[in-house]
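Structure assessment
The residues making up each chain are set out below.
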There are 2 protein chains.
Amino acid sequence: MRPGIATLRTLSVFEDLSIDLLEKVDRISNLMSLEHGRLICEQGKIPTELYYVLDGQVALSTTAPDGTRAVVEVIRPNGDFVMASVMACLPYVQSAHVVQRARLVAIEAEAMRALVEQEPELASTLLRSLSRDYRSLVRQIRDLKVRTTAQRLGCYLLALVPDPNAAEADFRLPFEKGLLAARLGCRQENLSRAFATLRDLGVETRGSRVRLSDIPRLTEYSMPDYLSDKELSKADQALEATAEEVSVPA
Amino acid sequence: MRPGIATLRTLSVFEDLSIDLLEKVDRISNLMSLEHGRLICEQGKIPTELYYVLDGQVALSTTAPDGTRAVVEVIRPNGDFVMASVMACLPYVQSAHVVQRARLVAIEAEAMRALVEQEPELASTLLRSLSRDYRSLVRQIRDLKVRTTAQRLGCYLLALVPDPNAAEADFRLPFEKGLLAARLGCRQENLSRAFATLRDLGVETRGSRVRLSDIPRLTEYSMPDYLSDKELSKADQALEATAEEVSVPA
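Residues numbered from 1 in each chain as written. Chains lettered and ligands numbered in written order. Predicted model: local features only at pLDDT ≥ 70, side-chain atom pairs only at ≥ 80, totals over all residues. Heavy atoms only, no water.

Helix and strand counts for chain A come out as 10 helices and nine strands. Within chain A, the fraction of its 250 residues that count as buried is 56%. Of all intrachain contacts in chain A linking residues separated by at least 6 positions in sequence, the fraction that spans at least 24 positions is 72%. (Helix = DSSP H or I, 4+ residues; strand = E, 2+ residues; numbered from the N terminus. Buried < 20%, exposed > 50% of the residue type's maximum accessible area, 1.4 Å probe, protein only. Contact = heavy atoms within 4.5 Å.)

Moving on: the relation of the copies chain A and chain B. Superposition record for chain A on chain B: RMSD 0.0 Å, screw rotation 180 degrees, translation along axis 0.0 Å. What the superposition gives is, in effect, a two-fold axis relating one chain to the other. No C-alpha of chain A approaches the rotation axis more nearly than that of Pro-120 of chain A, which lies at 2.1 Å. When the interface residues of chain A are mapped onto chain B, 100% of them again fall at the interface, so both copies present the same face. (Least-squares fit on C-alpha atoms with pLDDT ≥ 70 in both.)

If you look at the interface, chain A gives 60 residues, while chain B gives 60 residues. Buried area between chain A and chain B, both sides added, is near 5,100 Å², and the carbon and sulfur share of it is 69%. Sorting the residues of chain A by area buried against chain B places Leu-127, Tyr-134 and Lys-145 of chain A first, and these three jointly supply 15% of that buried surface. Across the chain A-chain B interface, the total number found is two salt bridges. Here Arg-128 of chain B makes a salt bridge to Glu-117 of chain A, at a shortest N to O gap of 3.2 Å. Counting across the chain A and chain B interface gives 16 residue pairs in polar contact (both at pLDDT 80 or more). Per element, the largest residue contribution to the side of chain A that touches chain B is 21 residues, and it comes from helix 5 (residues 120-146) of chain A. Taken together, the residues of the side of chain A that touches chain B break down into 29 nonpolar, 14 polar and 17 charged. (Buried area = accessible area lost by both parts, 1.4 Å probe. Salt bridge = Lys/Arg side-chain N within 4 Å of Asp/Glu carboxyl O. Polar contact = N/O pair within 3.5 Å; in protein donor to acceptor, adjacent residues only side chain to side chain. Nonpolar A, V, L, I, M, F, W, Y, C, P; charged D, E, K, R; others polar.)

What follows covers the confidence of the model for chain A. Across chain A, the average pLDDT comes to 86, with 88% of residues at or above 70. Here the prediction assigns the complex a pTM of 0.81, and the interface score ipTM is 0.80. (pLDDT = per-residue confidence, 0-100.)

All names here are of chain B. By the definition in use, this model includes four aromatic pairs over all chains. Centroid distance Phe-14 to Tyr-52: 5.2 Å. Interplanar angle 55 degrees. Geometry classified as tilted. In this pair, Phe-14 is assigned in the loop between helix 1 (5-9) and helix 2 (19-27) and Tyr-52 in strand 3 (residues 49-63), connecting sequence segments 38 residues apart. Of the two residues examined, Phe-14 and Tyr-52, each falls in the buried class. (Phe/Tyr/Trp six-rings, centres within 6.5 Å; stacked < 30°, edge-to-face > 60°.)

A word on the sheet that holds strand 8 (residues 203-206) of chain B. Residues and elements named next belong to chain B. As summarised here, the arrangement of the three strands in space is 7-9-8, forming an open sheet in which the pairing is antiparallel. The sheet terminates laterally at strand 7 (169-172) and strand 8, the two strands that pair on one side only. Neighbour-to-neighbour, the strand axes of the sheet open up by a mean angle of 15 degrees, direction not taken into account. In terms of strand pairing, strand 8 meets strand 9 (residues 209-212) through four bridges, oriented antiparallel. Among the inter-strand pairings, Arg-206 is bridged to a residue of strand 9, identified as Arg-209. (Pairing = 2+ DSSP bridges. Axes fitted to C-alpha atoms, helices over the stretch in contact; angles between N-to-C directions.)

What follows concerns the nonpolar core. Within the largest apolar cluster, 101 residues are counted, with the highest numbers of intra-cluster contacts made by Phe-14 and Phe-81 of chain A together with Phe-14 and Phe-81 of chain B. Not counting residues within four places of it along the chain, the set of residues in contact with Phe-81 of chain A comprises Ile-40, Cys-41, Leu-50, Tyr-51, Val-53, Val-58, Leu-60, Ile-75, Ala-96 and Leu-104 of chain A. (Core = buried A, V, L, I, M, F, W, Y, C linked by side-chain atoms within 4.5 Å.)

Below, the discussion takes up helix 8 (residues 188-199) of chain A. Residues and elements named next belong to chain A. A rise of 1.5 Å per residue sets the reference length of helix 8, with its 12 residues, at 16 Å; its end C-alpha atoms lie 17 Å apart and thus fit the reference within 8%. All of the buried residues in helix 8 are Leu-191, Ala-194, Phe-195 and Leu-198. Taken around the axis of helix 8, the buried residues stretch over an arc of 100 degrees, which confines them to a single face. Facing away from the buried side of helix 8 by over 90 degrees, the exposed positions are Arg-193 and Arg-199. (Expected span 1.5 Å × (residues − 1). Arc of directions from axis to C-beta.)

Turning next to helix 2 (residues 19-27) of chain A. Residue and element names in this part refer to chain A. All of the buried residues along helix 2 are Leu-21, Leu-22, Val-25 and Asp-26. Each buried residue of helix 2 sits inside an arc of 145 degrees when the element is viewed along its axis, so together they form one side. Contacts made by the buried residues of helix 2 are with helix 1 (5-9), strand 1 (29-34), strand 6 (95-108), helix 4 (109-118) and helix 5.

This part covers unusual backbone geometry. All names here are of chain A. The backbone of Asn-78 shows a phi angle near 90 degrees, a positive value even though the residue is not glycine. Positionally, Asn-78 belongs in the loop between strand 4 (69-75) and strand 5 (80-81). The class of Asn-78 is partly exposed, set by a relative accessible area of 36%. Its identity is not glycine, yet Met-223 carries a phi of approximately 55 degrees, on the positive side.

On to the packing of helix 4 (residues 109-118) of chain B against helix 5 (residues 120-146) of chain B. Residue and element names in this part refer to chain B. The N-to-C vectors of helix 4 and helix 5 enclose an angle of 110 degrees; their axes lie 5 Å apart at closest approach. Relative to helix 5, the element helix 4 lies roughly perpendicular. Relative to helix 5, the crossing made by helix 4 is left-handed. Each of Met-112, Leu-115, Val-116 and Gln-118 in helix 4 lies in contact with helix 5, whose residues at this interface are Pro-120, Leu-122, Ala-123 and Leu-126. Considered class by class, the residues forming the contact of helix 4 with helix 5 number seven nonpolar, one polar and no charged. (Parallel < 35°, antiparallel > 145°, perpendicular 65-115°, else oblique. Left-handed = near helix turned anticlockwise from the far one by under 90°.)

Residue and element names in this part refer to chain A. Spatial strand order, 7-9-8: three strands in an open sheet with antiparallel pairing. One side of each edge strand has no neighbouring strand; the edge strands of this open sheet are strand 7 (169-172) and strand 8 (203-206). Within the sheet, the average angular offset between the axes of one strand and its neighbour, ignoring direction, is 15 degrees. One ladder, built from four bridges, connects strand 7 with strand 9 (residues 209-212); its direction is antiparallel. Counted as the bridge partner of Phe-171 is Val-210 from strand 9.

On to the environment of Arg-113 of chain A, then. Residue and element names in this part refer to chain A. Along the chain, Arg-113 falls in helix 4. On the basis of relative accessibility, which here comes to 18%, the residue Arg-113 falls in the buried class. For the pair Arg-113 and Val-86, spaced 27 residues apart in the sequence, the C-alpha separation amounts to 7.8 Å. Setting aside anything within four residues of it in sequence, one finds Arg-113 in contact with Val-86, Met-87 and Cys-89. At 2.7 Å, the side chain of Arg-113 and the backbone oxygen of Val-86 are in polar contact.

Right, dumping it as structure tokens:
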């Protein structure tokens, strides 16, 4: 089933495209509804479709030669995935799984590449969109390279605090600690050590329950990006964190 | 001074563009020669130019709120930088420094965006080029998330071995250990611990001198990407590693 122009328009990447162009995109698109756990595409395979998320959530993960898997990103509504592989016409570098029942727009890869060649408006729209995705990966690399696991965990916990002005907070961890470690890019024993480090900064945990008793001190220690990056508000980062409150199928 | 069409053609991104289009690119381009240590562009500033490296090398680094700097990539001849920021028209997320005397093509950002809007051939060419850059960042995130520092160091040392079939090797580290730590994304004390871990796998160091006495065992332990990623040959990875044998100005 085709998504239709009204649905395509709800995706911010397409909101400014002409009706004429949207009709061309619609003709090569399909609407998909997928249950939790479904594999959408697999690392190493040649891309057949480009995807946009309308509802639900999709985790992108990538596997190293020894089988260890890293969660690179969780894609929320309005986000795309595998665009780089589709446009470069190279095998997927990531696998995609549904982690929360999802509705997707799937656009045929080959037809999309052909359309991009003909339509400068579409090509420059996609170029801007991929550019934003690229920048978020640069930020993630910075995070992985300059912060300790304890600081990354601190940033993550701070992003879960609902009130931006709160000095203390009490909440439940969104998922079990094994997955949290994968999300932060560390091994589970390092996550435990990181929680131990943060104890001195007022972070208490009991099971999945977390209590932050000195948010200003934790902020000073963890140095979240919104302290220096004008593009990011605290709310944006909170949104990014809560987007990942889902479980990734093994 | 304009680079001229022949020079632009030496960049693989432009090699298939029509003469007509190359002339349009040439009209908005300048040739630059820069000494070691020169700052080319600065994180947080709005982009004015898109760059391609003709000769020499440029390091891209990004600074966290506490001033810690991470080296994200070193760009070699034929590579571009800041394309994502130019195309999205958003502040640079990275700073760029010359780390080896460089000759660059600098293309005016605003004029380039205007040209991309009019020329589907150019837009889709840049889209493919950015897609390849994006995929290399995904691989780097995987590396940072799934490998221990000792494994990352092992992969790095293996990439410095000139003979792909060698069982042992003896060489000099391309730069001092502080910079090697930044390149691998760890603190210096962790780098020392990683060297200690690798000692049991036949890795001996004395100053900057490294001896690998059991390459098959080190390979098995470090799990370099070329074991599973058909796109990458061992030679490619060696090239990537040696490209970074330069010093980044502080």
